[in-house]
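Okay, here's what each chain looks like letter by letter:
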Amino acid sequence: MEKIIIVGGLSAGPSAAAKARRENENAEIILFEKGENISYATCGMPYAFSGVIENRSNLIVVDAELMKNRFNIDVKLNEEIINIDTENKIVYSTKGDYGYDKLVFATGAKSIVPPIKNINFATNWSTCRSMVDFDKITKEGLASESKHITVIGAGLIGIEVAENLREAGKEVTLIEGANQILTMWQPKFGNFAETVLKNEGIKVLTSSIVSEFEIDGNGKIKGVVLESKKTIKTDFVILSVGIKPNTELLLRKGAKHISNGALIVNERMETSIKDVYAAGDNVSIKNLQTNEYDYFPLGTHSNKAGRAAGANAVGKNIEFKGAYKTAIIKVFDYTLARTGLNPKALNETNIPYKTVLSVAGSTPGYYPGQKDLITEIYYNPETGEIYGAELFGEVGVDKRVDVLSTAIYAKLKITDLSQLDLAYAPPFSPAKDPVVVSSFVAENILENKATQISVEELDAFMEKNNAEDYLLIDSRTVNEYENGTLRNAVNLPLNEIRNHIDFIKNQNKPVVIFCQRGLRGYIAELILRHNGIENVVNVAGGYKLWTMYGGEVVEPEAVFV
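The model shown is predicted, which means the values in this text are computed figures rather than measured ones.

Cut-off values and rules
Position numbers for residues count from 1 along each chain, tracking the sequence in the order it is written. With pLDDT at 70 or above as the cut-off, local features in this predicted model cover only qualifying residues; side-chain atom pairs require 80 or more to be listed or tallied, and sums for whole chains, interfaces and linings still use all residues. Excluded from the side-chain calculations are hydrogens and water; all other atoms, namely the structure's heavy atoms, are used. Only runs of H or I of at least four residues qualify as helices and only runs of E of at least two qualify as strands under DSSP, and these elements are numbered from the N terminus. In this description the radius of gyration comes from C-alpha coordinates, and the expected globular size is given by 2.2 Å times residues to the power 0.38. For each residue, the accessible area found with a 1.4 Å probe, counting protein chains only, is set against the maximum for its type, and the residue is called buried under 20%, exposed over 50%, and partly exposed in between. Between two residues, a contact is recorded if the distance between any of their heavy atoms is within 4.5 Å. For every accessible area listed, the method is Shrake-Rupley and the probe measures 1.4 Å; residues are considered covered only by the protein chains on display. We define the nonpolar core as a collection of buried residues of types Ala, Val, Leu, Ile, Met, Phe, Trp, Tyr and Cys that are connected through side-chain atoms lying within 4.5 Å of one another. Two strands form a pair only when DSSP identifies at least two bridges running between them. Here the term patch refers to residues with relative accessible area over 30% and no salt bridge, with like charges joined within 9 Å and nonpolar side chains (Val, Leu, Ile, Met, Phe, Trp, Tyr) within 5 Å. We count a salt bridge whenever a side-chain nitrogen from Lys or Arg sits within 4 Å of a carboxyl oxygen from Asp or Glu. All axes here are fitted lines through C-alpha atoms, helices being fitted over the stretch that makes contact, and every angle between N-to-C directions spans 0 to 180 degrees. When describing relative orientation, an angle under 35 degrees is termed roughly parallel and one over 145 degrees roughly antiparallel, while 65 to 115 degrees is termed roughly perpendicular and anything else oblique. Multiply 1.5 Å by the residue count of a helix minus one, and that product is the helix's expected span. When two cysteine sulfur atoms lie within 2.5 Å, the pair is treated as a disulfide. Whenever two N or O atoms come within 3.5 Å, that pair is a polar contact, provided that in protein one can donate a hydrogen and the other can accept it, and provided that, for residues adjacent in sequence, both atoms are side-chain atoms.

Engineer: Explain the overall build of the chain here, please?
Structural biologist: Of regular secondary structure, the chain possesses 16 helices and 31 strands. Taking 2.2 N^0.38 as the reference for a compact globule, 561 residues should give roughly 24 Å; the C-alpha atoms of the chain span a radius of gyration of 27 Å, in line with that estimate. Dimensions of the chain along its principal axes, counting C-alpha atoms only, are 90 × 60 × 45 Å. Split into buried and exposed, the 561 residues of the chain put 51% on the buried side. Long-range contacts, defined here as pairs at least 24 residues apart, represent 64% of the contacts in the chain between residues at least 6 apart. Accessible area of the chain: about 25000 Å², with a carbon and sulfur share of 47%.

Engineer: How should the nonpolar core be read in this particular structure?
Structural biologist: Ranked by internal contacts, the top residues of the largest apolar core, which has 59 residues, are I159, L197 and L486. Broken down by element, the residue count for this core peaks at five residues, all from helix α6 (residues 187-199). Setting aside residues up to four positions removed in sequence, L486 forms contacts with L458, M462, L472, F514, Y543, W546, E552 and V554. If you look at the next biggest cluster of nonpolar residues, it comprises 53 residues, including A16, L249, V265 and A308.

Engineer: When you look at the pairing of strand β22 (residues 327-331) in this model, what are you seeing that I'm missing?
Structural biologist: On any regular strand, side chains alternate: one points to one face of the sheet, the next to the other face. Here β22 shows one buried face, formed by A327, I329 and V331, and one open face, formed by I328 and K330. If you look at the hairpin formed by β22 and strand β23 (residues 334-340), you'll find two residues sitting between the two strands, and F332 has a positive phi there, around 55 degrees.

Engineer: Sorry, what's going on with the pairing of strand β5 (residues 90-93) here?
Structural biologist: Residues V91 and S93 point to one face of β5 and are all buried, whereas I90 and Y92, pointing to the other face, are not buried. Pairing of strand β4 (residues 81-85) with β5, which is carried by four bridges, proceeds in the antiparallel orientation. Considered in β5, the bridge of I81 is made with S93. Following β4, the chain reverses through four residues before pairing antiparallel with β5; K89 in that reversal takes a positive phi of roughly 60 degrees. With three bridges connecting them, β5 and strand β6 (residues 97-99) associate as antiparallel partners. Residue Y92 lies in a different strand from β6, and its bridge partner there is D97.

Engineer: Any chance you could explain a nonpolar patch on the surface here in plain terms?
Structural biologist: A surface patch of nonpolar side chains, amounting to about 360 Å² of accessible area, comprises Y366, Y367 and Y424. Relative to the elements of secondary structure, Y366 occurs in the loop between β24 (354-361) and β25 (372-379). Accessibility expressed as a relative area gives 61% for Y366, which makes it exposed.

Engineer: Mind showing me how you'd approach the packing of helix α12 (residues 455-464) against helix α16 (residues 542-549) here?
Structural biologist: Two quantities define a packed helix pair, namely the angle between the axes and the distance from one axis to the other. The N-to-C vectors of α12 and α16 enclose an angle of 75 degrees; their axes lie 10 Å apart at closest approach. When the axes of α12 and α16 are compared, the pair comes out roughly perpendicular. Contacts from V455, E456, L458, D459 and M462 in α12 reach L545, W546 and Y549 in α16.

Engineer: For this particular structure, what's the right way to read the environment of G155?
Structural biologist: Residue placement: G155 occurs in the loop between β10 (148-152) and α5 (156-167). A residue is classified by how much of its surface remains accessible, and G155, at 30% relative accessible area, is partly exposed. As for G155 and I329, which are separated by 174 residues in sequence, their C-alpha atoms are 9.9 Å apart. Excluding anything up to four places from it in sequence, G155 contacts E176 and L182.

Engineer: In this structure, what is going on with helix α11 (residues 434-446)? I would like to understand it.
Structural biologist: For an α-helix, the turn length of 3.6 residues means that residues three or four places apart are oriented alike. Over its 13 residues, α11 extends 18 Å from the first C-alpha to the last, a length consistent with the 18 Å expected when each residue adds 1.5 Å. Those residues of α11 that sit buried are P434, V435, V436, V437, S438, S439, A442, N444 and I445. Buried positions along α11 lie against β24, β25, α10 (397-409), β27 (452-453) and α15 (519-530). Backbone geometry just downstream of α11 places N448 in the positive-phi region, at approximately 60 degrees.

Engineer: Help me out: how do you make sense of the state of the cysteines in this one?
Structural biologist: Put plainly, two cysteines are in a disulfide when a covalent bond ties their sulfur atoms together. Counted according to the given criterion, the structure contains zero disulfides. C128 supplies the cysteine sulfur nearest to C43, a cysteine that is in no disulfide, at a spacing of 10.0 Å. Overall, C43 belongs to the partly exposed group, its relative accessible area being 48%. A relative accessible area of 9% places C128 in the buried class.

Engineer: What should I look at first to understand the environment of S272 in this one?
Structural biologist: With respect to the helices and strands, the residue S272 is situated in the loop between β18 (263-264) and β19 (276-278). Taking the C-alpha atoms as reference points, S272 and I414, 142 residues apart in sequence, are found 39 Å from one another. Not counting chain neighbours up to four residues away, the residues in contact with S272 comprise G254, A255, K256 and I264. Here the side chain of S272 touches K256 through a polar contact of 2.9 Å, landing on its backbone nitrogen.

Engineer: What am I meant to see in unusual backbone geometry here?
Structural biologist: Excluding glycine, most residues fall at negative phi; most peptide bonds, likewise, are trans. A positive phi angle, close to 55 degrees, is found at N78, a residue other than glycine. The residue N78 is located in the loop between β3 (74-77) and β4 in this model. Backbone geometry at M269 places phi at a positive 70 degrees, although glycine is not the residue there.

Shown next as structure tokens:
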């Protein structure tokens, strides 16, 4: 009888165990978990703080009894594996030793705890990764006497924790060492999310490092001290500054790994050690775009990788090929999503790219409650192949990012998107879906019918050049213009712009046009080009994106006549 041992019971481990049993009824399968729970939803914990997930028990996806009764898995709780003899195929636990034929190493990762002064003496703080963490936070952090909570780290978990603590009625300060929150995204998209957090009452501090916990005689944190010496009074602290793979047991045996210690596995989830598979947050898998080993600590990959590892451990041949950093996060009423390579990664790898940005309604304008969706796509300027995308909006972000993720996997071109047969009905989408609109805009750019300038580029351009050296046209209505515009802009509404062709030509300057969201600016650009004015660009996303980006807005000068 083949003996399969699985180390780790959170996500990848139970997935491996269940798949191994489905493929082989006769194998002996033992799963070790050092804690008292298996298969719980760490990603759901923040939503339990606010009551969206009502009960602690709802976080337990599968319990040990079900694994034993349904899948005949010998689940050993509260039994930590402390050593592995990979030559003789023996694992050693705190309670005994066990031989194996195949080993699935699914030990996950642990929270990084930074060397903050007094942290070893402080009591009222926690990470947010285990049920032990969850119980401490709910008992102490959500207690009535804890009015203010400080969250250190503004990645995915940190943002979700901060939001749900705020929903629970707490005063929240979010501290991030980098110069933006959610560093997986481009800075402007991180800024969009930061604005939402601030509007909801969360205090956000970026470029800020915590150096010390101010504690009382009982070890209770009274304040968080920054390197700038500023002190934030608080009642509880939650750390979410990153994770480190739990791979020490195999690293001692010479297992191949990347710089952070994550194990290198092939598509069958085999490590460099014979008969040892690995899956979950402790492994590095291929980035399907760069073909380099990368780190993707997300539940979706843990489950798929665990499934493959479990099947292959009992002799099957299932591949998990890799991933390319698709991610999504809820930020109160908004959603931020991404997939593939963004400009940060493309610049780091010296890959040439073009960008197209569109702001389009997620539903038709005539249907009640229309919301804007911001979509930015990065693509190969020669072949048109899609490299990546980032999206922000209130409605429909999830389905569009999945379309774009699928397009990347299929190696579609930006111009292919307009040919997709996407579902249409007024409650769900306009007749021209935002994904299709992005393709149309890109086609115009590739055919040299239009040229976009990003808000970042415009900001740098205006900083570098004198106002006398270019013509900035606000093509919105007079009423829109009077409510605020860009510095040095002249108002030439779209419907009247043909009357001012001679004026524009006589300026003999580069022309920058903007409207509210980009469409009217594009039409104005076409009118100018058809009238022989070639040196003209349109601001991608228009005034809306400029204000969201944090660009300067001024009171308008006299309306042009």
